[in-house]
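Each chain, letter by letter, is given below.
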Amino acid sequence: MSLQAPEFFAELCLPFHDQTVVGNTYFAAPVPGAPVRLRIDFSQTIHADTYGGLRVAVVHQERGEIDAVALSFAGHGTFHRRDEANNTWMNTKQHGTFDKYHRPGRPPWDGAVVTGLRDAIEQYTAVWFPGAWTACAPRPTAGRTARSVPSPPTGHVVARTR
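In what follows, the accompanying structure is described. Everything numeric in this text was worked out from a predicted model, so none of it was measured.

What follows is about the pattern of salt bridges. Applying the stated rule across the entire model yields three salt bridges. In this structure, E65 engages R39 in a salt bridge whose closest nitrogen and oxygen atoms are separated by 2.5 Å. Within this pair, whereas E65 is found in strand β5 (residues 64–72), its partner R39 is found in strand β3 (residues 36–44), the two being separated by 26 residues in sequence. With a relative accessible area of 39%, E65 lands in the partly exposed category. Residues participating in the shared-partner salt-bridge network are R39, D41, R55 and E65.

Attention shifts here to helix α3 (residues 115–128). The first and last C-alpha atoms of α3 sit 20 Å apart over 14 residues, in line with the 20 Å expected at 1.5 Å per residue. Inspection of α3 places L117, A120, I121, Y124 and T125 among the buried residues, and these make up the whole buried set. Viewed end-on, α3 has its buried residues packed into an arc of 130 degrees, placing them on one side of the element.

Our focus in this paragraph is unusual backbone geometry. One non-glycine residue with positive phi stands out, namely C13, at about 55 degrees. Along the chain, the position of C13 falls in the loop between α1 (5–12) and β1 (19–22).

Reading the values: the criteria
- Residues numbered from 1 in each chain as written.
- Predicted model: local features only at pLDDT ≥ 70, side-chain atom pairs only at ≥ 80, totals over all residues.
- Heavy atoms only, no water.
- Salt bridge = Lys/Arg side-chain N within 4 Å of Asp/Glu carboxyl O.
- Helix = DSSP H or I, 4+ residues; strand = E, 2+ residues; numbered from the N terminus.
- Buried < 20%, exposed > 50% of the residue type's maximum accessible area, 1.4 Å probe, protein only.
- Expected span 1.5 Å × (residues − 1).
- Arc of directions from axis to C-beta.

Right under this line is the structure:
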C-alpha cells in the first residue's frame, strides 16, 4: 500500500522551489546551483511496515551523504493528539508511529500534526542551507487566519435624542 508520501510532504509545507517526491522520498535543492541536496525519508521501526519518524539527510552530488538526523514522530508530537484520543500506551507499537494500513479514504498518517517536524526541519536546514528557508518561504495565503469581524446589532436600535 502507498504511504501517500506526496501528500505528507505537501502537508509539511516545505518552502523549497526545486523539490520533488520520488516514491516515498522527498528531494530538494534548497540553494539553486549548489552541489548539496536535501533528502527526507520515512524512518522504519523494528516492526514491519511501521514508520516512527523522518530521516533528514544532506547529500553531496559527488561525495554522497554528508550528514543525517532522525526526527521521531513521538519526539515532535506528531501523533500526540491521535494517541491521546485513542488511549494508545507509550510502550506499544502504535504509539507515535503509523503503518501502511489505514482506513479507506484516509492516509496512513491520518491525525498527524506536523508543526513540530516542520520546525525541526527548518532548524536543521538553517545550518546546512543558510538563508534558503527565508528566501523560499511562501507567503501566507488569504483566509487561513481567523479574522475578527464586527457583528451586526442583535436587537432593535433606537436613537436617543435630547
